[in-house]
Amino acid sequence: MYKRQVLRATAPGLPAVQSASFVITPAGPHHLAVRTQPATSTAAGDPVSVTIELRDPFNNVATNAGARTVGVALTTGAGSLLSGSTSKATSAGVATFSGLQIGPQGSDKVITATSVGLVSTATAAFAITPAAPAVLQMKTQPPASVVAGSAFSLAVEVRDAYGNVQVSMPVTVSAALATGVSTLSGGGGATSAAGVASQSGLSLDRVGAHTVTVSSPGLSSVTTQSVTVTAAAGSALVFETQPASSAVAGQSFTYAAKVLDAFGNHAVSFGGPVTATLSAGSGALVGTTTVSASDGSVTFGATNIQAAGTGKQVTVSAESLSSAASTLFEVVHGAATQLSLIHI
């Protein structure tokens, strides 16, 4: 309701006179004004409210202007109004916008209200802060290639559902093998600080391609890029092909060995000399008893034992590697090649 007004006139020596009461109504709408400002700080995704008034040139609320359409938009600060009605008709010169949502964080958000033919208005700056943690996102990927047993690191960011880094709510994350056949060591819990959780001292022990998943209860997990594990330095020799159970005296027989690292992977980088010796049974191993490995493997095909007998065993060895002994085998006489006279 409009307040009724009265004019009173006075002059020295004359009686005062007073007008009949009358009403002054607002003029036509001229500009917009903010009646209720948004809260100074709101979490991302939480409702933001603002109330806009129609004002006449004398700053009166234009309550008699009828329904005028007012629109609002985020005009300063990253992001946009994600939901809620951004266009409303005024009622008694007022339009209230509630349920507006803004995703990206920042302290410089400003909403501007407009209406055709009227001077626009803008709110005071307000802040959007991160919402609760919702997802993990890779910040630092592990290396694309690591050596078996060697330590590597990775880091993840804790983000809310709108992509903001959640710096004020620490969470605990853990790492586990996602794909590949290996044992992941060092994947225990790490607590985020300033929105980042770093996992260091991780290691994988088997060669091949692997991925690692980082997770935290209640949050969407994240999986790393592929990590290729290569063999560590050679540690031990093992027989790849055993000598046959029976060999012929003086004739070459074949056997093969390979080099493994400390985790049982084929150490294909080893190319040093490997020496074979007769470690059990009578006689000696003769022929080409030292052969250089190729891609971590070595084959002997030009050695023989001239003394027949059972319980023969070959051992292969190389500098800095643990040696390996073959299974037992026998050496039998070959076919007769000549006759000899003996005196009785």
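Quick caveat, the model's predicted, so the values are computed rather than measured. (Residues numbered from 1 in each chain as written. Predicted model: local features only at pLDDT ≥ 70, side-chain atom pairs only at ≥ 80, totals over all residues. Heavy atoms only, no water.)

Trainee: What am I meant to see in the side chain of Gln 199 here?
Mentor: With respect to the helices and strands, the residue Gln 199 is situated in strand E20 (residues 196-204). You can call Gln 199 buried: its relative accessible area is 3%. Looking at Gln 199, its side chain comes within polar contact range of the main-chain oxygen of Gly 188, at 2.7 Å. The residues contacting Gln 199, other than those within four sequence positions of it, are Phe 152, Ser 153, Leu 154, Val 173, Ser 174, Ala 175, Gly 187, Gly 188, Gly 189 and Ala 190. (Helix = DSSP H or I, 4+ residues; strand = E, 2+ residues; numbered from the N terminus. Buried < 20%, exposed > 50% of the residue type's maximum accessible area, 1.4 Å probe, protein only. Polar contact = N/O pair within 3.5 Å; in protein donor to acceptor, adjacent residues only side chain to side chain. Contact = heavy atoms within 4.5 Å.)

Trainee: Would you mind going over the pattern of salt bridges with me for this structure?
Mentor: Opposite charge on two side chains makes pairing possible when the charged atoms of those side chains draw close. The tally for this structure, following the rule as stated, stands at four salt bridges. Put simply, Arg 35 and Glu 53 hold a salt bridge, and the shortest N to O gap is 2.3 Å. Of the two residues, Arg 35 is situated in strand E5 (residues 31-36) and Glu 53 in strand E7 (residues 48-55); the sequence distance between them amounts to 18 residues. The partner of Glu 53 in a salt bridge is Arg 55, with the nearest N and O atoms 2.7 Å apart. (Salt bridge = Lys/Arg side-chain N within 4 Å of Asp/Glu carboxyl O.)

Trainee: Just checking my understanding: could you explain the nonpolar core for this structure?
Mentor: A general feature of soluble globular proteins is that nonpolar side chains tend to end up buried together. The biggest cluster of nonpolar side chains holds 24 residues, and the ones touching the most others in it are Leu 237, Phe 253, Tyr 255, Val 274, Leu 285, Val 314 and Val 316. Mapped by element, the contributors of at least two residues to this core are strand E24 (234-241), strand E26 (253-261), strand E27 (273-280), strand E30 (297-305), strand E31 (309-317) and strand E33 (329-332). At four residues, the largest contribution of residues to this core is made by E26. Residues in contact with Val 274, not counting those within four places in the same chain, are Leu 237, Thr 289, Thr 290, Val 291, Val 298, Phe 300, Val 316, Ser 317 and Ala 318. (Core = buried A, V, L, I, M, F, W, Y, C linked by side-chain atoms within 4.5 Å.)

Trainee: Sorry if this is basic, but what is going on with the packing of aromatic side chains here?
Mentor: The description of two aromatic rings rests on the distance between their centres and on the angle between their planes. Following the criterion strictly, the structure yields four aromatic pairs and no others. Ring centres of Phe 253 and Tyr 255 lie 5.4 Å apart, and the angle between their planes is 40 degrees; on these two criteria the pair is classed as tilted. Of the two residues, Phe 253 and Tyr 255, both sit in the buried class. A centroid spacing of 5.4 Å and a plane angle of 55 degrees characterise the contact between Phe 253 and Phe 329, whose relative ring orientation is tilted. (Phe/Tyr/Trp six-rings, centres within 6.5 Å; stacked < 30°, edge-to-face > 60°.)

Geometric descriptors of this kind do not, in isolation, establish any biological role.
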